[in-house]
Structure formats: C-alpha cells, structure tokens
Amino acid sequence: MRFPTCSFLCVTFGAALAIVVAAPAPAQHVPTIKQWLAPGYPQELVAAKKADRIAWEAYEEGKRNVYYAAAPDFKPRRLTSFLEDDGTDLTNVNISDDGSVVVFIRGSAPNRDGWVANPSADPNGAERAIWAVRATGGPAWRVAEGSNPALSPDGKWVLFTKEGQVWRAAVNRTASTSEMDKGLKPFIKEWGTQSSPRWSPDGSRVAFVSNRVDHGFIAIYDVKKRRVHYMAPYVDFDGSPTWSADGKQIAFLRRPGLPFGQQAATQPNAAAAPGGRGAVPGARGAAPAAAPGGGRGGRAGGQGGGRGGDQGGRGADPRPGMFRAAFEDGSTLKVMIGDPATGAAHEIWHNAADERVFTNINAITWAGDALLFQLEPEEWARMYSLSTIASNPTPVVLTPGEGMMEQNAISPDGKWFFYATNVGDIDRRHVWKVPTSGGEAVQVTTAEIQTYPTPLASGKYVAVMSATALRPQSVGIWPTVANADAKTEKRIYPTITKDFPMDAQVVPTNVTLK
C-alpha cells in the first residue's frame, strides 16, 4: 500500500505540535457563571415629582427587589426583602410625589387563559398583586390583587382596572377600611368598559376612559362628591386623557364613532346577547369590541376597515359613513381641551382630510404649555409638540436627526423632554434634552452608553441606566447641563467587585460591509 507524500499542511501541523509539546501554554482562568451574574441588574427606574428621590427594581441572583436612593449622596438602599429565588416577577414600580412610598406588582402577567405563573409550584397558587413599601424602611405589604397601579400623588391610594371597572385600594389599611377600599369591590362602576384612570395633580379628581363599544367618553370622577360627569360627551371615541399641571384643564383625543356598517358587524346578535346592546366588551356573550376609531385604516370586529381596509368582501360602499368614519370637515382626529369642572371642551387642532402623517396618534401627554405625542412617519420614531396656548397650533418635531428616539421622560416641571438616542453616535446611546415647547436639542451625557433618562425634581440631575461594552448596566446620576463631562457621572448601583471578569471580555468592533 502506498501512502501519499506529506503536504505543507502535514509539515505545519507537525511543527505546531512540536511547539505545543515542547512549551505547553499556561492554563487560563475561565470565569464562572456565578462571577458573570454576580452584579445586580437594575430595571424600571422612576423618580418622585417633588423630591430628588428615585427607586428601581433590581434582579440579583434570581431575587427581585426594590431599591431606593435620595439626594444628596444617592446611597442605594434595598427596601424589600424578597430573598428567595422563587421566580416571582416584580414590575410596575411607582413612587409617590414626595418619594415616601413605593408601590409595585408581584407576580407575572396572566396568560390568555388567565393563569399566573407559579414557578415554585406553591400549593397555595400564584397571584398578581399590588404591593407597597415605605422609603423609611420596614417590611413590604400586600395592598390588593390587581395590576398597573396608578398611585395617588400623596401615596395614599392606588387605582387599577379589573373586569372593565375602576377599583381603588388604600395603601395603608386600618381596621375600619371598607371592602371597596381594600380593593375587593369596584370603586367606580359604570356602563361599558373603563380604562386608563389618571389622577389630577392634587388628587381631587380622576379622569378615565369609558368605552361604549361604538363610542367612548372621557369621564371625570370627583373624589369628595363621589360623582361622575363626562367631558363634552358625543357619539365619538374619546381617549388618552391628560391633565394640565394646575389640574384646571384636561386634554384628550377624539376620533369618529364606529361607522353604522361596522356597528352591525360587531354585534350580530345584540338583542340575544347577555347584557344586550352595549354589553361590556370581552364579557361572556358580549360582542367583540372595535378598536377606537376603527372605521379608518383598521379592522373592527373582523369587519369593515377604513381607507384601504378590508370591507368584508362587500367592495367599496359609496355611501358616506357606512364603513368609513370621518368628521364633517373630513378629518379623522381632533385634539380637545376642556374644563373638568364643567365638562365643556373645545377643539384646538385636527388633522387634514387627506392627512398622511398625523393619522395614528394614540396617546398625548401634557408638558408645560404643550402636548407631546410620538409618531414614526418615516424611518425613525419622532416626538412632536403641539402648543396649548397658540391660537392656531401646528405640530413641531422635537427630536430630529438620523437615529432612534427611544426611552424618554418629561421633567417634573414640564419644561424639558429627555430622551435616549443614537443620533451622532450610531453604535451607542446617549441622553439628550429639548424644551417641550420646541427648540434646539442638546446632548447631556457623553460617556459610553446611557438609556432610560429619569429627570429629578430639582432639575439639577437626571438618573440613567449606564453601561459600557465591558461594564454591566448600572444606575448613574448625571448633571443636566449640556455635554456633561463623563467624570461627573455618579454610578450608585450595583457595586462592581474585583471578582467580576471585566478583563475576560472583548470590546466589539463595528464592521461595515460595502
């Protein structure tokens, strides 16, 4: 048998083998999983409106807890003591205006069958409930079963929606606390489906959305009088209520009500359905609810649709208003401002009849003398500002540039809009700020990566999530001046010890293929 002659590969391999045998490389230390996961991972950063105090949720070796820090030293303190790795989620962190109380959710979101995850197989079962803890210390306590809590400005109450109604629970219970204030029965029970409860700045009123299947109202609840009235009620879909800073005005979005043709489609057996026409959407026997403004550009109840939408096989219907909803002037969206005391409201802006850009505004937020809303009219998401004091306002872009506008927040005084973006640095994220009424945007943070800006009450600081290619995500405190020096960042959590394998990592390099 003949063997092939040795090629260059054979010689090279042999030489390499000889080198390895002659001079073995020293064994390298391989970092352990425990070392990599040792630093806590902060999430859900929030700030008080009237004090320089912040809170966040931290994930530490499988345990989830709430942390807190306050000016001037911003020394982090763990407020809760959930010290078992039981897989119970912790989300929806809220803090009172003065920073004295923090509320949060324990338990995972239910699946489509209503089951809450039970990772530890607790025989008592699992729940999704609202909890609270004091910033001064002491054990956390369960407030009520519920989710998405809206904490009152004074930290005494939480509102949440369940079964289509608004519920309330006292953060601090006493022996005389009623079933209603324990969150055991609805606090506000109205016709239709209630959602989006919003406290007024002084806590004396609550605004919420009341969906009636083919139209919807903005409802105002007076806490002292225990009375509900509506903001300029009509046959349209009203939504996204937002309060002015002084609580004397409220703004909301108005879209056309459900077109006649789609009303029949959403409730084919309305007379026979339990609850009759207008039964709570989602309830047993109730017809599926249409999306607000569903007459234009979308499907509602599997039928209809608007411009370019599915007409259910009927073809275009020439009769105005049959399957397409619009106001008399041809617009499909109005921004309204009203007096919550009287219920009177007026329009300040509407989109054009042939609008291409401002067609899908889903939410507005009052900030200073402007209303802010987000759209993605082109390649990048943008934030827009609409004046509440101009006689003929038009939307103004707040976040121009080639890049993403991501996590964002409004300063407590409503004058500044902070946002994380990669404009000017495509590989990283930095925090910028811009006046909410419009103006030039300026960069605030300058180090490697900063996201989730959270401006503090004094206006002097902005808390962020800070990281580098090698250092894990941390909570950092920055001054709010333009182009702040990276050395001014104060990282407060977590503490990175010598055991963390920083040197075992590699900084990625951007490779562009042309």
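This structure is a prediction, so every number in the text was calculated from the model and none was measured.

### Things to note about the sheet that holds strand S7 (residues 129–134)
Line of reasoning, step 1. Strand order in the open sheet formed by four strands is S5-S6-S7-S8, and the pairing between neighbours is antiparallel. Two strands bound the open sheet, and with one partner strand each, they are strand S5 (90–95) and strand S8 (141–145). For this sheet, the mean inter-axis angle between neighbouring strands, taken without regard to orientation, is 25 degrees.
Line of reasoning, step 2. Where strand S6 (residues 101–106) meets S7, six bridges bridge the pair, whose relative direction is antiparallel. By the bridge assignment, Arg106 is partnered in S7 with Ala129.

### A closer look at the nonpolar core
Line of reasoning, step 1. Among the nonpolar cores identified, the biggest contains 17 residues, and Val93, Ile95, Val102 and Phe104 are the most heavily contacted of them.
Line of reasoning, step 2. Every element with two or more residues in this core is listed here: strand S3 (63–70), S5, S6 and S7.
Line of reasoning, step 3. Apart from residues lying up to four places away in sequence, Val93 is in contact with Glu44, Val46, Ala55, Glu57, Val102, Val103 and Phe104.
Line of reasoning, step 4. If you look at the next biggest cluster of nonpolar residues, it comprises 16 residues, including Ala251, Val335, Ile337 and Leu371.

### Things to note about a nonpolar patch on the surface
Line of reasoning, step 1. A cluster of nonpolar residues, Ile33, Trp36 and Leu37, forms a patch on the protein surface that exposes about 320 Å² of accessible area.
Line of reasoning, step 2. The residue Leu37 is located in helix H2 (residues 33–37) in this model.

### Some details on the environment of Met322
Line of reasoning, step 1. Checked against the element boundaries, Met322 lands in the loop between helix H3 (260–266) and strand S18 (334–338).
Line of reasoning, step 2. On the accessibility criterion, Met322 (14% relative accessible area) is buried.
Line of reasoning, step 3. Residues Met322 and Pro259, spaced 63 residues apart in sequence, show a C-alpha to C-alpha distance of 5.6 Å.

### Focus: the sheet that holds strand S31 (residues 490–493)
Line of reasoning, step 1. With antiparallel pairing, the four strands of this open sheet are ordered in space as S28-S29-S30-S31. If you trace the sheet from one side to the other, it starts and ends with strand S28 (449–455) and S31, each paired once. Along the sheet, successive strands turn relative to each other by an average axial angle of 35 degrees, direction set aside.
Line of reasoning, step 2. In the sheet, strand S30 (residues 474–479) pairs with S31 via three bridges, with the strands oriented antiparallel. Across the sheet, residue Val475 finds its bridge partner in S31, namely Tyr493.

### Concerning the confidence of the model for the protein chain
Line of reasoning, step 1. Mean pLDDT for the protein chain: 87, with 84% of residues reaching 70 or above.
Line of reasoning, step 2. Taken as a whole, residues 1–22 scores under 50 in pLDDT and shows one contact with residues more than four places along the chain or in a different chain.
Line of reasoning, step 3. Confidence drops under a pLDDT of 50 for residues 270–313, and excluding neighbours within four residues, the segment shows 90 contacts in the predicted structure.

### Some details on the packing of aromatic side chains
Line of reasoning, step 1. A full pass over the atoms with the stated rule returns 15 aromatic pairs.
Line of reasoning, step 2. Measuring from centroid to centroid gives 4.8 Å for Tyr67 and Tyr493, while their planes differ by 45 degrees, and the two rings are tilted. Taken as a pair, Tyr67 in strand S3 and Tyr493 in strand S31 lie far apart in primary sequence, 426 residues in all. You'll find Tyr67 and Tyr493 in the same group, each marked buried.
Line of reasoning, step 3. Aromatic pair Phe160 and Trp167: ring centres 6.4 Å apart, planes at 20 degrees, arrangement stacked.

### Some thoughts on the environment of Glu378
Line of reasoning, step 1. Looking at the secondary structure, you find Glu378 in the loop between strand S21 (370–375) and strand S22 (382–387).
Line of reasoning, step 2. A C-alpha to C-alpha distance of 9.0 Å links Glu378 and Val357, two positions 21 residues apart in sequence.
Line of reasoning, step 3. Within the structure, Glu378 has its side chain in polar contact with the side chain of Arg382 (distance 2.8 Å).

### What to know about the pairing of strand S11 (residues 165–170)
Line of reasoning, step 1. Taken across its six residues, S11 has six buried, putting it largely inside the fold.
Line of reasoning, step 2. Burial of S11 is two-sided: the residues Gln165, Trp167 and Ala169 facing one way and the residues Val166, Arg168 and Ala170 facing the other way are all buried.
Line of reasoning, step 3. Two elements, strand S10 (residues 157–162) and S11, share six bridges in a ladder whose sense is antiparallel. Each bridged residue has a counterpart across the sheet, and for Leu159 the counterpart in S11 is Arg168.
Line of reasoning, step 4. The hairpin turn running from S10 into S11, its antiparallel successor, is two residues long, and Glu163 in that turn takes a positive phi close to 55 degrees.

### Some thoughts on the pattern of salt bridges
Two side chains carrying opposite charge are able to pair once their charged atoms lie near each other.
Line of reasoning, step 1. For the coordinates displayed, the defined rule picks out 14 salt bridges.
Line of reasoning, step 2. A salt bridge links Asp86 to Arg106, with the nearest nitrogen and oxygen atoms 4.0 Å apart. With Asp86 in the loop between strand S4 (77–78) and S5 and Arg106 in strand S6, this residue pair connects regions lying 20 residues apart in the sequence.
Line of reasoning, step 3. Since its relative accessible area comes to 14%, Arg106 is described here as buried.
Line of reasoning, step 4. Overlapping salt bridges, with partners in common, bring together Asp236, Asp238 and Arg254 in one network.

### What to know about the side chain of Thr242
Line of reasoning, step 1. As for its placement among the helices and strands, Thr242 is situated in strand S16 (residues 237–243).
Line of reasoning, step 2. Here Trp366 takes part through its backbone nitrogen, which lies 2.9 Å from a polar atom of the side chain of Thr242.
Line of reasoning, step 3. Filtering out sequence-adjacent residues up to four positions away, Thr242 remains in contact with Gln249, Ile250, Ala251, Ile364, Thr365, Trp366 and Leu371.

### Some points on the layout of surface pockets
Line of reasoning, step 1. A volume near 420 Å³ is recorded for the second largest pocket.
Line of reasoning, step 2. Val235, Asp236, Pro256, Gly257 and Ala326 are the residues nearest the centre of the second largest pocket, which is lined by 19 residues in total.
Line of reasoning, step 3. Considered class by class, the residues forming the lining of the second largest pocket number nine nonpolar, four polar and six charged.

### A word on unusual backbone geometry
Negative phi values dominate among residues other than glycine, just as trans dominates among peptide bonds.
Line of reasoning, step 1. Cis geometry is adopted by the peptide bond preceding Pro72, which originates at Ala71 and carries an omega value of 5 degrees.
Line of reasoning, step 2. Of note, Pro72 is situated in the loop between S3 and S4.
Line of reasoning, step 3. Omega for the peptide link from Tyr493 to Pro494 comes to -5 degrees, which places this bond in the cis form.
Line of reasoning, step 4. Structurally, Pro494 is set in the segment after S31.
Line of reasoning, step 5. Here the phi dihedral of Phe74 falls at roughly 55 degrees; this positive angle occurs in a residue that is not glycine.
Line of reasoning, step 6. In this structure, Phe74 sits in the loop between S3 and S4.

Conventions adopted
Residues numbered from 1 in each chain as written. Predicted model: local features only at pLDDT ≥ 70, side-chain atom pairs only at ≥ 80, totals over all residues. Heavy atoms only, no water. Pairing = 2+ DSSP bridges. Helix = DSSP H or I, 4+ residues; strand = E, 2+ residues; numbered from the N terminus. Axes fitted to C-alpha atoms, helices over the stretch in contact; angles between N-to-C directions. Core = buried A, V, L, I, M, F, W, Y, C linked by side-chain atoms within 4.5 Å. Buried < 20%, exposed > 50% of the residue type's maximum accessible area, 1.4 Å probe, protein only. Contact = heavy atoms within 4.5 Å. Patch = residues over 30% accessible without salt bridge, like charges linked within 9 Å, V, L, I, M, F, W, Y side chains within 5 Å. Areas by Shrake-Rupley, 256 points an atom, 1.4 Å probe, with all protein chains shown as cover. Salt bridge = Lys/Arg side-chain N within 4 Å of Asp/Glu carboxyl O. pLDDT = per-residue confidence, 0-100. Phe/Tyr/Trp six-rings, centres within 6.5 Å; stacked < 30°, edge-to-face > 60°. Polar contact = N/O pair within 3.5 Å; in protein donor to acceptor, adjacent residues only side chain to side chain. 1 Å grid on protein atoms, 1.4 Å probe; cavity = no way out; pocket = protein on both sides within 12 Å on 5 of 7 lines; lining within 4 Å. Points joined across faces, edges and corners; volume = space filled by probe spheres on them. Nonpolar A, V, L, I, M, F, W, Y, C, P; charged D, E, K, R; others polar.

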